[in-house]
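Observations on the three-dimensional arrangement
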Amino acid sequence: MGRQDSSSSESLDGRSLDSAKSFDAVVFDMLKVTPEEFASQITLMDSPVFKAIQPEELASCGWNKKEKHSLSPNVVAFTRRFNQVSFWAVREILTAQTLKIRAEILGHFIKIAKLISRKDKATFEKLDFLTSKEENYNRMREYIRSLKMAPCIPYLGECYKHMQQLFF
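These lines cover the structure that appears in this document, whether it is placed above or below.

About the criteria used
- Residues numbered from 1 in each chain as written.
- Predicted model: local features only at pLDDT ≥ 70, side-chain atom pairs only at ≥ 80, totals over all residues.
- Heavy atoms only, no water.
- Helix = DSSP H or I, 4+ residues; strand = E, 2+ residues; numbered from the N terminus.
- Contact = heavy atoms within 4.5 Å.
- Areas by Shrake-Rupley, 256 points an atom, 1.4 Å probe, with all protein chains shown as cover.
- Salt bridge = Lys/Arg side-chain N within 4 Å of Asp/Glu carboxyl O.
- Buried < 20%, exposed > 50% of the residue type's maximum accessible area, 1.4 Å probe, protein only.
- Phe/Tyr/Trp six-rings, centres within 6.5 Å; stacked < 30°, edge-to-face > 60°.
- Lys NZ or Arg CZ within 6 Å of the ring centre and 35° of its normal.
- Axes fitted to C-alpha atoms, helices over the stretch in contact; angles between N-to-C directions.
- Parallel < 35°, antiparallel > 145°, perpendicular 65-115°, else oblique.
- Left-handed = near helix turned anticlockwise from the far one by under 90°.
- Nonpolar A, V, L, I, M, F, W, Y, C, P; charged D, E, K, R; others polar.
- Core = buried A, V, L, I, M, F, W, Y, C linked by side-chain atoms within 4.5 Å.
- Expected span 1.5 Å × (residues − 1).

Quick word on the overall build of the protein
- Within the protein one finds nine helices and zero strands.
- For the protein, contacts bridging at least 24 residues in sequence account for 57% of all contacts bridging at least 6.
- Looking at the protein as shown, the accessible area adds up to about 12500 Å², and 59% of this sits on carbon and sulfur atoms.

Dropping the structure here:
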């Protein structure tokens, strides 16, 4: 075994992790991308995944079943996409090198979320109330029952509360 430099660590393939970190910083500095551009790009990436969801995937509630990958592949893909973006946002904030940068990144995500109108934020708050985990999502189930089988898109993300805490 060779001597390891205490100021640098190595990955499994022998590359310096410090150089990988600096490479990531050069390639992508999220604070240099405007909130408008972020919102636009996330929407462009999410849209085709969402549009691929077929009505029968929702009607069958297949995403809740063991065979979810074959019964509701597009719902599973959209949920995965939602969670990836959520975890990415959390990672960006928590891995910032200094408290000042962390605050700047958090502020940037808040600016992205502020692109929504007051009306949309009010709708979001109503949906937040409706999708509360209290009593095993009882409010949402009661509301869906009251619709008498009207088409609706169910709650698909597993990190909804984390996103709310980040943005509102």
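Comments concerning the pattern of salt bridges
- Applying the stated rule across the entire model yields three salt bridges.
- Of the charged contacts, one joins Arg-81 and Asp-46 as a salt bridge, the two residues approaching to 2.7 Å between their closest N and O atoms. Here Arg-81, found in helix H5 (residues 73-94), pairs with Asp-46, found in helix H2 (residues 35-51); they are 35 residues apart in sequence, far enough to count as distant.
- Look at Arg-81 and you get buried, because its relative accessible area is 16%.

A word on the packing of aromatic side chains
- On inspection of all chains with the given rule, the structure shows three aromatic pairs.
- An aromatic cluster is built from Phe-38, Trp-88 and Phe-109, whose rings are joined through pairwise contacts.
- Over the ring of Phe-129 we find Arg-139, and its NZ or CZ is 3.8 Å from the ring centre.

Topic: the environment of Gly-107
- Residue position: Gly-107 is located in helix H6 (residues 99-113).
- Residues Gly-107 and Leu-31, spaced 76 residues apart in sequence, show a C-alpha to C-alpha distance of 9.7 Å.

Topic: the packing of H2 against H6
- It is at 8 Å that the axes of H2 and H6 come closest, and there the two elements cross at 65°. Our classification of the angle between H2 and H6 gives roughly perpendicular. Considering only the axes of H2 and H6, their crossing is right-handed. In this structure, H2 uses Pro-35, Phe-38 and Ala-39 to contact H6, whose residues at the interface are His-108, Lys-111 and Ile-112.
- Among the residues forming the contact of H2 with H6, the class breakdown is four nonpolar, one polar and one charged.

What about the nonpolar core?
- By size, the foremost hydrophobic cluster in this structure holds eight residues: Met-30, Phe-38, Ala-89, Ile-93, Ala-96, Ile-105, Phe-109 and Ile-112.
- Going through the elements one at a time, H5 and H6 are the ones with two or more residues in this core.
- Looking at this core element by element, the count peaks at three residues for H6.
- Counting residues in hydrophobic clusters, the runner-up holds five residues, among them Ile-53, Leu-58, Trp-63 and Phe-78.

Re the packing of H2 against H5
- Interaxial distance between H2 and H5 falls to 9 Å at its minimum, and their mutual angle equals 160°. Relative to H5, the element H2 lies roughly antiparallel. Like other packed secondary-structure pairs, H2 and H5 cross with a definite hand, here right-handed. Here Phe-38, Ile-42, Met-45, Asp-46, Val-49 and Phe-50 of H2 come into contact with H5, specifically with Asn-74, Ala-77, Phe-78, Arg-81, Val-85 and Trp-88.
- For the contact of H2 with H5, the residue count by class is nine nonpolar, one polar and two charged.

A look at H5
- In this model H5 runs 31 Å from its N-terminal to its C-terminal C-alpha over 22 residues, within 8% of the 32 Å that 1.5 Å per residue would give.
- Taken together, the buried positions of H5 are occupied by Val-75, Val-76, Phe-78, Thr-79, Arg-81, Asn-83, Val-85, Ser-86, Ala-89, Glu-92 and Ile-93.

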